[in-house]
Amino acid sequence: MSGPGVGDLPASSHLALVTTRHGAVLATRDRSWGIPAGDVAGVLRRVDAELAPRWVWWSAEATVSGVLSDDPALRLRRCWDLAAVHRLLHGGSLDDPAHVWAGVTGLDAGTRPTSGQLDLLRPDGDDGDPLEPVRPDGHLRPDWADGGWALGGAEDVGRRATRWAALALQASDEQGRTLRDLDAGGDPVHTAWSESAAALVAVELAVTGLPVDRDAAEAVVAGVAGRRAENPADEAVVRDTRDAPVLAHLPGTDLRNPASVRSALAAVGLDLPDTRSWRLEQVAGAHPAVEALLAWRKSERVATTYGYRWLDTHLRGGRLRGAWSGSDGGAGRMTALAGLHSMPRELRVAVRAEPGHLLVRADLGQVEPRVLAAVSGDPALAAAARQDDLYARVATQLGVERGVAKVAVLAAMYGQTSGAAGAALRDMERTYPVALAYLRAAQDAGHRGDGVRTFGGRLVPMWDVDEVPPEAGAGALSAYRAVLASRGRFARNAVVQGSAAELFKAWTAGVRARLAASGAGDVVLCLHDELLLHVRADVADDVAAGVVDELETTAARWARCAERGVAPVRFVADVRVLERWSDVS
DNA sequence: GACTCTACGTA
DNA sequence: CGTACGTAGAGTCA
């Protein structure tokens, strides 16, 4: 068998893709094509270029990772990621085929069979045709759900892959129907597209990696944490050198044991409830040991987490790589391993464009309050969000200093009620009643234990809380109330943070599409509201302009939901062309 | 070895 | 009694 001819497929339609170690299968509703292993990347490249299908797969991770190892520059344009859409619709982090199929069929995933149960309870395997992935009870057979279908000879695997591809198409149709009926402020179907793109970006990011200059990185590490140790004994020498300045003030302290540090500080007259940095900073002048300890903490952080071991583990061939998730956590932000989301700013000087290339850094300004204005439909906050500096306008509207206004807005979104923010919050209630009511509704839902949905329709489920019996003591009761309150704060924040994540990913998906079309370069880092691109130097300025343009496209799409009470707001990005991430301009 | 606690880097 | 995430070291328990 060979790849499909161009005329064999309808353009711009859903096209299922399943990859195996023997090759791949493409399928429409009524036809399928097999592709031998060596041809997969080439055929996908050609079909994508000529027909621009929306590729349907169970997950980008399972389907595309292998293809990208053969052809790292392959950029498939549009996709429908069943796992990503499942998480959008149903929340949570479980998105394996068994859960996806349970979501599609409306079955309770908790009743799905597992391979263990199959062995124990059904020794005969008498649960239907082994060539049919769906059992009579509607669940996937465990040996299909866990990938067992892909084991065996090329012919058998090819047959099963064809069935698996057909099932993926069926699942995507059903997900699409559910999304179209979903009651959300935004556009769930479009969100499904961008969330699918984000899942693909996650796979691409793991392959592409962040360009890091090892010498520059090691120079930073050396300056902050000391030289590279030559052997385990030398390791102790370097560590003692780091510790010495603090031990001069607090002899005999185990710096890595918070209890030891706390009692050592108490011994010099500083009785603190804990030894966290922000608390130490409050008493910085009280004793020279505090300053030494703060400096030590910084260098110890680099030494243990972002030092030579980190570089040796994750930096290869000038690229720092880690696994990514396109939507993780409660609100569906992207996450990254290998410390890619939390490397200290000091190390950004080592993130450097390769020869002939430049970085394009773009970060969204004040994105969460702008998102709040849009999704809540608050006219006054939206008016502020049409300004370059939202907080300045809020300050005018509240009649306070800009700094106070910023704290008040952030406090409202995070659910803070104490301190100076508490007072400013009352002014917020008066000035932005619609936005505050929106936040309160989310908080109330979370408090009750009900899930909330983001603008794009992502379900953010709430966790269960053990009820306390009526005769419970005051302590148990207040602990219970505290847990309910934390659930409320989480929900209040999730509708903003999650919707902002959707805006970011829609923007990122568009930027990625432009990069793919022009061949200008790659997305190399996604940092919640900041994008880092690595592009050919000769087109860097064009790419930067495209990034701004793409943000306007994304914002306009959001504004099109205006008839549903969504306020048109402006989203702004600071876009710069740089050699090093740390560069100011 | 799995788990919790403390701590801290990023947004 | 301000949100989310990932990583590491020390301690606890088995």
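No experiment lies behind these values; they were computed from the predicted model shown.

## Some thoughts on the packing of aromatic side chains
Working step 1: Applying the stated criterion across every chain yields a total of 9 aromatic pairs.
Working step 2: Both rings, one in W58 and one in W164, keep their centres 4.2 Å apart while their planes meet at 15 degrees; by these two values the pair is stacked. Residue W58 is found in the loop between β4 (54–57) and α2 (60–70), and its partner W164 is found in helix α7 (residues 154–180); the two are separated by 106 residues along the sequence.
Working step 3: Ring pairing ties together the aromatic residues W58, W144, W149 and W164, which thus form one cluster.
Working step 4: Here the guanidinium or amino end of R348 rests over the ring plane of W581, the centre of that ring lying 4.0 Å away.

## Some thoughts on unusual backbone geometry
Working step 1: If you check the backbone angles, A338 has positive phi at about 65 degrees while not being a glycine.
Working step 2: Here A338 is to be found in the loop between β10 (333–336) and β11 (357–365).
Working step 3: By relative accessible area, A338 is classed as buried at 13%.
Working step 4: Phi at H528 takes a positive value of approximately 70 degrees, unusual for a residue other than glycine.
Working step 5: Structurally, H528 is set in the loop between β14 (521–526) and β15 (530–536).
Working step 6: For H528, a relative accessible area of 28% translates into the label partly exposed.

## Regarding the domain arrangement of chain A
Working step 1: As far as domains go, chain A holds domain 1 (6–181), domain 2 (214–312), domain 3 (321–367 + 502–584) and domain 4 (369–496).
Working step 2: In this structure, domain 3 and domain 4 have C-alpha centres spaced 27 Å apart.
Working step 3: Listed by partner, the interface residues are 20 residues for domain 3 and 26 residues for domain 4.
Working step 4: For the pairing of domain 3 and domain 4, the buried interface totals around 1,700 Å² over both sides, and the portion due to carbon and sulfur atoms is 56%.
Working step 5: Considering only the surface of domain 3 that becomes buried against domain 4, Q366, E502 and R570 emerge as the three largest contributors, covering 37% of it.
Working step 6: For the pair domain 3 and domain 4, the number of links is 1 salt bridge.
Working step 7: Residue D388 pairs with R570 through a salt bridge whose shortest N-O separation is 2.1 Å.
Working step 8: In this structure, the connection of domain 3 to domain 4 is made through 14 residue pairs in polar contact (both at pLDDT 80 or more).

## Considering the protein's contact with DNA strand C
Working step 1: The local shell around DNA strand C holds 22 residues, among which N257, A338, Q416, R489 and F490 are the closest.
Working step 2: Backbone atoms, meaning sugar and phosphate, make up 87% of the atoms of DNA strand C lying within 4 Å of the protein.
Working step 3: One of the side-chain N or O atoms of N257 is found 2.9 Å from a phosphate oxygen in DNA strand C.
Working step 4: The backbone of G330 places a nitrogen or oxygen atom 3.3 Å from a phosphate oxygen of DNA strand C.

## Section: the protein's contact with DNA strand B
Working step 1: Around DNA strand B lies a shell of 17 residues, among which T275, S277, R297, R301 and D529 are the nearest.
Working step 2: Across the atoms of DNA strand B situated within 4 Å of the protein, the share located in sugar and phosphate is 77%.
Working step 3: Within the side chain of R301, an N or O atom sits 2.5 Å from a sugar or linking oxygen of DNA strand B.
Working step 4: At 2.9 Å from a phosphate oxygen of DNA strand B is found a side-chain nitrogen or oxygen belonging to R348.
Working step 5: Broken down by class, the residue content of the surface near DNA strand B amounts to 4 nonpolar, 5 polar and 8 charged.

## Here we look at the packing of helix α9 (residues 214–225) against helix α13 (residues 288–304)
Working step 1: Here α9 crosses α13 at 140 degrees, and the two axes come no closer than 8 Å. As far as their axial angle goes, α13 and α9 are oblique. Between α9 and α13 lies a crossing whose hand is left-handed. Across the interface between the two elements, V221, V224 and A225 from α9 touch K298, S299, V302 and A303 from α13.
Working step 2: Tallied by class, the residues present in the contact of α9 with α13 amount to 5 nonpolar, 1 polar and 1 charged.

## Quick word on the pairing of β11
For a regular strand, side chains alternate in direction, first toward one face of the sheet and then toward the other.
Working step 1: Examined bridge by bridge, β11 and β15 share 7 bridges and lie antiparallel to one another. If you follow A362 over to β15, its bridge partner there is L531.

## Overview of the sheet that holds strand β6 (residues 210–211)
Working step 1: One open sheet holds the 3 strands; their spatial order is β6-β8-β7, and the pairing between them is antiparallel. Each end of this open sheet is capped by a strand with a single partner; those strands are β6 and β7 (315–316).

## Observations regarding the sheet that holds strand β2 (residues 23–27)
Working step 1: Here 5 strands make up an open sheet; going across it, the order is β3-β2-β1-β4-β5 and the pairing mixed. Two strands in the sheet have a free side with no partner beyond their single neighbour: β3 (32–36) and β5 (78–81). Geometrically, the sheet is characterised by an average inter-axis angle of 25 degrees between neighbouring strands, direction not taken into account.
Working step 2: Across 5 bridges, β2 lies against β3 in antiparallel orientation. Of the residues in β3, the one forming a bridge with G23 is P36.
Working step 3: On the sheet, helix α3 (residues 82–90) packs against β4 and β5 and is oriented at approximately 60 degrees with respect to β5.

So, how was this worked out
- Residues numbered from 1 in each chain as written.
- Chains lettered and ligands numbered in written order.
- Predicted model: local features only at pLDDT ≥ 70, side-chain atom pairs only at ≥ 80, totals over all residues.
- Heavy atoms only, no water.
- Phe/Tyr/Trp six-rings, centres within 6.5 Å; stacked < 30°, edge-to-face > 60°.
- Helix = DSSP H or I, 4+ residues; strand = E, 2+ residues; numbered from the N terminus.
- Lys NZ or Arg CZ within 6 Å of the ring centre and 35° of its normal.
- Buried < 20%, exposed > 50% of the residue type's maximum accessible area, 1.4 Å probe, protein only.
- Domains from an automatic or database assignment.
- Contact = heavy atoms within 4.5 Å.
- Buried area = accessible area lost by both parts, 1.4 Å probe.
- Salt bridge = Lys/Arg side-chain N within 4 Å of Asp/Glu carboxyl O.
- Polar contact = N/O pair within 3.5 Å; in protein donor to acceptor, adjacent residues only side chain to side chain.
- Near = heavy atom within 4 Å.
- Nonpolar A, V, L, I, M, F, W, Y, C, P; charged D, E, K, R; others polar.
- Axes fitted to C-alpha atoms, helices over the stretch in contact; angles between N-to-C directions.
- Parallel < 35°, antiparallel > 145°, perpendicular 65-115°, else oblique.
- Left-handed = near helix turned anticlockwise from the far one by under 90°.
- Pairing = 2+ DSSP bridges.

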